[in-house]
Amino acid sequence: MAGETTPLLRMEGITKHYGGVRALENVRFECDRGRIHALLGENGAGKSTLIKVLSGVVQPNAGRILLDGRPQVFARPAAANEAGIACIFQELSLLPDLTVADNICITNPPMRFGQIDYRAQRKRAEAALAVVGGEDIHPNATVRDLPLSRRQMVEIAKAMAREPKLLILDEATSALTAADVAKVFAMLKRLREEGMAVVYISHRMHEIAELADDCTVFRNGQHVETFTAGSKTDNAMVEMMIGREYQNAFPPLTRAKPDSEPVLKVENLSWQRELNNINLELRPGEVVGLGGLDGQGQRQLLLALFGTLIGTTGTIRIAGEAVDITSPQHAKSDTVGMALIPEDRKHEGLMLPMTVRENLTFAAVDRMSKWGLVDRSAEEAAITEMVELLKIRSDGIDGPVAALSGGNQQKIVIGKWLMNKPRIILLNDPTRGIDVGTKQEIYQLLRRLAESGAAILFYSTDYDELIGCCDRVLVLYDGTVIETLAGDRLTERNLIAAALNITNTRDLPETVQ
Amino acid sequence: MSVVPSTQAAAPAGRARDNFSHWLLAQRGLLLAVAIFAVMFLVYGWKLNVGLTANIINTAANKGALLALVAMAQTLPVITGGLDLSVGMIFVLTNCLASVVVVGGPVSAFFGILLVLGVGLLCGFINGVIVVYGRLQPIIVTLATGAVYFGCSLAIRPQPGGSVNFEFADLMTRSWAGVPSTVILLIAVVLLIWMPYRRSVLGRGAYAIGSSEQAAYMSGVPVARARLLAYTLAGLFAAIAGILLTCITYSGAAKASLANDYTLNSIGAVVIGGTSLFGGVGSAVGSIFGAFVMRTVGDLLIVFDINPVLQPLFVGIVLLFAVSIGSLRILRVKNKLDLYR
Amino acid sequence: MTGMTKSIKPLDKATTIAFGCIILLLGVGAIAEPNFLSATYLVQQLQVASFLGVIATGMMMVILLGHIDLSIPWTISIGGMMATGASGILGPELGVPLAVPFGIACGMTVGLINGIGVAYLRAPAMIFTLGMNAVAQGVMVYHTGGFAPQDSGTPFMRELAVGHLVPGVPNPLLIWILLGAATVFVLTRTTLGRQIYAIGNTERAVFLSGVNTRRVLVICFVFSGACAAAGGILLSGWANRSYQAMGDVYLLPTVAAIVLGGTNVLGGRGRYMGTVAGVILITLLQSILSVLQPQVYFAEFGIKLPADVFRNIVFGVVIIGMLLLYARGAKVQS
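Residues numbered from 1 in each chain as written. Chains lettered and ligands numbered in written order. Predicted model: local features only at pLDDT ≥ 70, side-chain atom pairs only at ≥ 80, totals over all residues.

How should the overall build of chain B be read in this particular structure?
Per the secondary structure count, chain B includes 15 helices and two strands. Computed over its C-alpha atoms, the radius of gyration of chain B comes to 21 Å, within 12% of the 20 Å expected for a compact globule of 341 residues. When the backbone C-alpha atoms are referred to their principal axes, chain B occupies close to 70 × 55 × 35 Å. Expressed as a percentage of its 341 residues, the buried residues of chain B come to 54%. Partitioning the contacts of chain B with sequence separation of at least 6, the portion at a separation of at least 24 is 77%. (Helix = DSSP H or I, 4+ residues; strand = E, 2+ residues; numbered from the N terminus. Rg over C-alpha atoms; globule rule 2.2 N^0.38 Å. Buried ≥ 20, exposed ≤ 12 C-beta atoms within 10 Å, placed from the backbone. Contact = placed C-beta atoms within 7 Å.)

Just checking my understanding: could you explain the overall build of chain C for this structure?
Broken down by element type, chain C carries 16 helices and zero strands. Referenced to the eigenvectors of the C-alpha coordinate spread, the extents of chain C come out at roughly 55 × 50 × 40 Å. Looking at the 334 residues of chain C, the share that counts as buried comes to 55%. Once local pairs closer than 6 in sequence are excluded, the contacts in chain C between residues at least 24 apart make up 77%.

I tried to follow the interface of chain A and chain B on my own but got confused; where do I start?
By a widespread convention, an interface's size corresponds to the accessible area lost as its parts come together. Opposite the 35 residues of chain A that make contact, chain B presents 31 residues. Elements with a minimum of two residues in the side of chain A that touches chain B: α2 (77–82) and β8 (115–116) of chain A. No other element matches α2 of chain A, which puts three residues into the side of chain A that touches chain B. Among the residues forming the side of chain A that touches chain B, the class breakdown is 18 nonpolar, 13 polar and four charged. (Nonpolar A, V, L, I, M, F, W, Y, C, P; charged D, E, K, R; others polar.)

Looking at this structure, how should I read the packing of helix α8 (residues 155–162) of chain C against helix α12 (residues 213–239) of chain C?
Packed helices, taken two at a time, are described by the angle their axes make and the gap between the axes. Residue and element names in this part refer to chain C. At their nearest, the axes of α8 and α12 sit 7 Å apart, and the two run at 95 degrees to each other. In terms of their interaxial angle, α8 and α12 are classed as roughly perpendicular. Residues M157, R158, L160, A161 and V162 of α8 pack against I233, L234, S236, G237 and W238 of α12. Tallied by class, residues from the contact of α8 with α12 come to seven nonpolar, two polar and one charged. (Axes fitted to C-alpha atoms, helices over the stretch in contact; angles between N-to-C directions. Parallel < 35°, antiparallel > 145°, perpendicular 65-115°, else oblique.)

I keep staring at the pairing of strand β6 (residues 85–88) of chain A and nothing clicks. Help me out?
Look at any regular strand and the pattern is simple: side chains alternate between the two faces of the sheet. Residues and elements named next belong to chain A. Burial of β6 is two-sided: the residues I85 and C87 facing one way and the residues A86 and I88 facing the other way are all buried. Across four bridges, β6 lies against strand β9 (residues 166–170) in parallel orientation. Across the sheet, the residue bridging to A86 is L167, located in β9. (Pairing = 2+ DSSP bridges.)

Sorry if this is basic, but what is going on with the interface of chain B and chain C here?
Chain B puts 40 residues into the contact, and the matching count from chain C is 42 residues. For the side of chain B that touches chain C, the secondary structure elements donating two or more residues are α6 (138–156), α12 (256–272) and α14 (311–327) of chain B. Classifying every residue of the side of chain B that touches chain C gives 30 nonpolar, nine polar and one charged.

Would you take a moment to explain the packing of helix α10 (residues 191–201) of chain C against α12 of chain C for this structure?
All names here are of chain C. Orientation of α10 relative to α12, taken along the N-to-C sense of each, is 100 degrees, at an axis distance of 10 Å. Classified by the angle their axes make, α10 and α12 are roughly perpendicular. Between α10 and α12, the contacting residues are L192, Q195, I196 and I199 on the first element and T213, V216 and C220 on the second. Among the residues forming the contact of α10 with α12, the class breakdown is five nonpolar, two polar and no charged.

I would appreciate a short explanation of the environment of I63 of chain C in the present structure.
All names here are of chain C. As for its position among the elements, I63 is in helix α2 (residues 39–64). In this structure I63 comes out as buried when scored by C-beta crowding, with 28 C-beta atoms within 10 Å. Counting along the chain gives 38 residues from I63 to P101, while the straight-line C-alpha distance between them is 25 Å. Ignoring sequence-local partners within four residues, the contact set of I63 consists of I68, I258, T263, V265 and G267.

Would you mind showing me how to read the sheet that holds strand β24 (residues 480–486) of chain A here?
Paired through their backbone hydrogen bonds, the strands of a sheet run either parallel or antiparallel. Residues and elements named next belong to chain A. In space, the six strands of this open sheet follow the order β18-β21-β22-β15-β23-β24, with mixed pairing throughout. The open sheet has two free edges, formed respectively by β18 (338–341) and β24, since each of these has just one partner strand. The sheet shows a mean angle of 20 degrees between the axes of neighbouring strands, direction not considered. The pairing of strand β23 (residues 472–477) with β24 spans six bridges and is classified as antiparallel. Directly across from V473, in β24, lies its bridge partner L485. Sheet contacts for helix α15 (residues 436–451): β15 (287–291), β21 (424–428) and β22 (455–459); angle to β22, the most-contacted strand, approximately 150 degrees.

Got a minute to help me understand the sheet that holds strand β12 (residues 222–228) of chain A in this structure?
Residues and elements named next belong to chain A. With mixed pairing, the six strands of this open sheet are ordered in space as β6-β9-β10-β3-β11-β12. Each of the sheet's edge strands pairs with one partner strand only, and the pair in question is β6 and β12. Looking at each pair of strands side by side, their axes are set apart by 20 degrees on average, direction ignored. By the bridge criterion, four bridges tie strand β3 (residues 36–40) to strand β10 (residues 197–201) in an arrangement that is parallel. Within the sheet, the bridge partner assigned to I36 lies in β10 and is V198. Those strands touched by helix α5 (residues 148–161) are β6 and β9, and its axis lies near 175 degrees from that of β6.

Just checking my understanding: could you explain the pairing of β15 of chain A for this structure?
Residues and elements named next belong to chain A. Across the five residues that make up β15, a large majority, five, are buried. Of the two faces of β15, the one lined by V287, G289 and G291 and the one lined by V288 and L290 are each fully buried. Here β15 pairs with β22 via four bridges, running parallel. Each bridged residue has a counterpart across the sheet, and for G289 the counterpart in β22 is F458.

What exactly am I supposed to notice about the nonpolar core here?
Soluble globular proteins tend to bury their nonpolar side chains together. Of all hydrophobic cores here, the largest spans 384 residues; its most connected members are L426, I456 and F458 of chain A, L69 and V70 of chain B together with I55 of chain C. It is helix α11 (residues 223–249) of chain B that provides the largest number of residues to this core, a total of 18 residues. Once you skip the residues sitting within four places of it in the chain, L426 of chain A turns out to touch L302, L305, F306, M338, A339, L340, I341 and L457 of chain A. (Core = buried A, V, L, I, M, F, W, Y, C linked by C-beta atoms within 7 Å.)

Just checking my understanding: could you explain unusual backbone geometry for this structure?
What you tend to see is this: most non-glycine residues have negative phi, and most peptide bonds are trans. At E163 of chain A, a residue that is not glycine, the phi angle is positive and equals roughly 50 degrees. Tracing the backbone shows E163 of chain A in the loop between α5 and β9. According to the C-beta neighbour criterion, E163 of chain A is exposed, with 10 such atoms within 10 Å. One non-glycine residue, Q293 of chain C, lies in positive phi territory at about 50 degrees.

I'm lost on helix α9 (residues 171–189) of chain C in this one. Help?
Think of an α-helix as 3.6 residues a turn; residues three or four steps apart then line up on the same face. All names here are of chain C. The terminal C-alpha atoms of α9 lie 27 Å apart, and with 19 residues this matches the ideal 27 Å at 1.5 Å per residue to within 8%. Burial in α9 covers these residues: N171, P172, L173, I175, W176 and G180. Contacts made by the buried residues of α9 are with α2, α8, α12 and α14 (272–292). (Expected span 1.5 Å × (residues − 1).)

Where do I start with the environment of A382 of chain A in this structure?
Residue and element names in this part refer to chain A. Within the secondary structure layout, A382 lies in helix α13 (residues 376–390). For the pair A382 and M368, spaced 14 residues apart in the sequence, the C-alpha separation amounts to 8.8 Å. If near-sequence neighbours (up to four positions away) are discounted, A382 is found in contact with T361, M368 and M419.

Looking at this structure, how should I read the confidence of the model for chain B?
Keep in mind that low pLDDT regions are not for reading the predicted coordinates in detail. Mean pLDDT over chain B stands at 87; residues scoring 70 or higher make up 94%. With pLDDT under 50 throughout, residues 1–12 of chain B is counted as low confidence; its partners more than four residues away or in other chains account for 14 contacts. (pLDDT = per-residue confidence, 0-100.)

How should I be thinking about the environment of G314 of chain A in this particular structure?
Residues and elements named next belong to chain A. Tracing the chain through its elements places G314 in strand β16 (residues 313–318). On the neighbour-count criterion, G314 (16 C-beta atoms within 10 Å) is partly exposed. Along the primary structure G314 and N279 are separated by 35 residues, whereas in three dimensions their C-alpha atoms are 9.2 Å apart.

How should I be thinking about helix α14 (residues 406–418) of chain A in this particular structure?
All names here are of chain A. Between its terminal C-alpha atoms α14 stretches 19 Å, which fits the 18 Å expected from 13 residues at 1.5 Å a residue. Counting buried positions over the 13 residues of α14 gives twelve, a clear majority of the element. Three or more residues of α14 are buried, namely G407, N408, Q409, Q410, K411, I412, V413, I414, G415, K416, W417 and L418. As for α14, its buried residues are in contact with β18, α11 (345–349), α12 (356–360), α13 and α15.

Below, the structure is given as structure tokens:
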């Protein structure tokens, strides 16, 4: 390493256009051996496009990539792999029907007589899993059968198995449990010592504060600034990212009246082994958070309320009356008045090729139609109102939602449900992978909805969000509510302690404190 | 779902059991097909007054092997998440061609066989090229190329007829110590073509594409080549079936109904054999048993004295039954969302 | 992945190309045979096209959902055979007036079973409808006992297929126009239409939006069965007889017409006008081959080939050629 003057990676003048849209404009970026370089920016700032260029998924319109000082052209992802670049994408790039070992060794499996050597492949997979701390994953398991957090560990192991010179992590820890994050961080720090170059993208500031050596901020497809980590305050960085003053991240809480009648009351709700005797009350005007490690039953709880789970036991009372919610159709009806903002907007929330109009009114179209016939003018009015309320930015409501940015797509998913004027709103991690600006707008919106009398149940993997947005937070562990935090007790430390189910906070792993 | 990674301390015996259960889970489709076939064939043998003589087994094997080969052909595109509606047409085309060129002495017949196999490969290759580089839907492409291939077979054999090298035909249709040649042929095809393919990078690539094409591309799988090879090999399997048909009937005939019948039955055989129509899961070995299940239905009708014109009815019922077995999973589904993937 | 983003225009690219090809074919036909452009001939072509058009209308709904109905061939036969055989089953007093509704009801029953299989059993439509096709065939063979059934249609069926309620417009064409208009209305103006497109795109999201997706699936499959049966009834009225495999030749043209019209086989996208263009295109292609008679040309060189050789090859090549043309546009976009 010593005496090396050219950085491992240098990108110069990278420009990328999609049709008429400029995704990257004359961007430069460098990353050196033994450094963890954080890429910061709102969604649509160009981070993901840069990564795609670097990993050969898309080709730039102009500019060049130098690896070890030698110019490179990556026509396909395979070419970037061969050059020693491994990327862990935000959207999982695993093959669900193949085994863990197949996935880890998919690019260049060990061969014997022109055939894949399964025994050697398994060994290699086990070794790669051990490196990232996923020893509990069986290499012969089918990826489809693994929970999301395990799949993400496989994804990281897969990148490591290629023994890259440059590792790129694009929101790679978003689905991981806190314990896994600690393991992955330890691994990254070790790799840095060993001289690997790491590009790290995350929306979580505390992760960047812990890991990064250098930071580069992108905005609007342009390079804003590169600086040494720790030389700027969080506020200054966020300001650079959004280009405006960053203040008052969370709107002030307005406490619901504790004596009002709960609109939703859940008694001893259980399902399979994933939900155990859950009790909760939700009053109009309240925002209640669901915390805990990922995969502790939060998603199932929301789905159970929304009527998609079969064989639940316990009682759900809507405004005092016991209701057996059997389907989303039933859940959205006026007698229940529920809405669910799902976690996966591309597959559960939207019809991507269809228009903004069709998506926005899809759940409420019955309200705007008579005898199954859509009333165009009523629809138009409702859409105009919603576009204004949510500040949805699009090229017009008859364009496809696929063309919108992630943040605007998420607004449409939310708007689609607000059309129904629900009194109970369930949100499943609505800000995952969303830019800072839109996050702010969503927080404000939640508050406004609560003030206007809606009851909100809000699951988030981001502890800051739970603390800032919620009146109360129920922490789930193994399908059970093990702690309810409110007021002064609602702190990050308490949330993490409860999530890990440890009462003695000294046992906390250092990395997540 | 334990978060604690202490399971690594589990005894090696536990791992071995894990290995076995993972293997069993992966092969469950195949095992089910084998079980259904075994039961049906035993019932057939039991109802047959004379019992299972070598002759009867040979006839059954010949009939089954034709569909089995076509079904193997169908399996490859299906694994990539596609479909080949032209396999039956390639089967008929190669049958017609073989009835013209696999004639004369051993040398000329040998080169005739090579030619027919080459044409099968070419047909599959054409399908593959259009699907891969034209980026069109396989169903439509193969529906259209199937029409072209059928036109070609009509041009070769406007009227049924032709002949085939007698020694070769006899070799392919006799049995050796009770083992029919066709069974040996199937085993040879599995061992010499299917197994090496399955364990090659491009073979695994086919599964990867069927599982998630985007992820496969991102992971550096040679997507285009893997898919091209799958369709090309499908043409080869169909051509082997076409030659076998010529050996069994000693002639060639361009019958659209025959071609469609084989295409449709091949899809049924593939599904019964445990291959998912969504791609990514399955094996050609399963399809062989699926094909034998489909063929045994007809044999069972005969031994149970049911009017043979009803065969389509029973084949249809078997198909509906097969997909309904797949539907049993919805009884286990506890989250309605899992029904929509 | 290709062409995901297509905004709404009155005519999309595929429809435009398909109509362009129709004009091209008419031109070629006119050069070969001057009578080709006469009003009588064109109306006759449209009349032939309307049989395919009626059948394709139902199938298109199923394809828009992202499924496929391979039971079309024998549903057509069921429609024709049950209508002609109605008096034998229901008795002459009921059978004659109810022949047409009875035939359609039988087709709807097939569609209903398909719909239940796909919507409730979650069986892959491809394989389930394939199985239903075989079952329908078996049932028909059983019904007729393997012999030719009573096969002549009622006078009303004959009138439906060859009469002119509106002067100059053959009744099948009128039926197709009415059916088409109703379909366009449903697809563009109603909640059902939106739900059909939406299910073809992202069924999960539709379910989570509180829509009864099963109901939509069943409706479309039943509609497909009804249209196929109606096509069978028109065909047997036209030929004044019904026979067992009468639907077999319709599967390829039906799917081809819909796809040539720009409907995505994976569902979610497609316009009815495209299907109209596709149906007319397929019909003209068939008729032009019978006008040009390429086999005669080849026979002059001593190569005797059946006419079917050309029909099949031209069909296949045209379908692939046109789809490649459409795909080229989509690639530029993505």
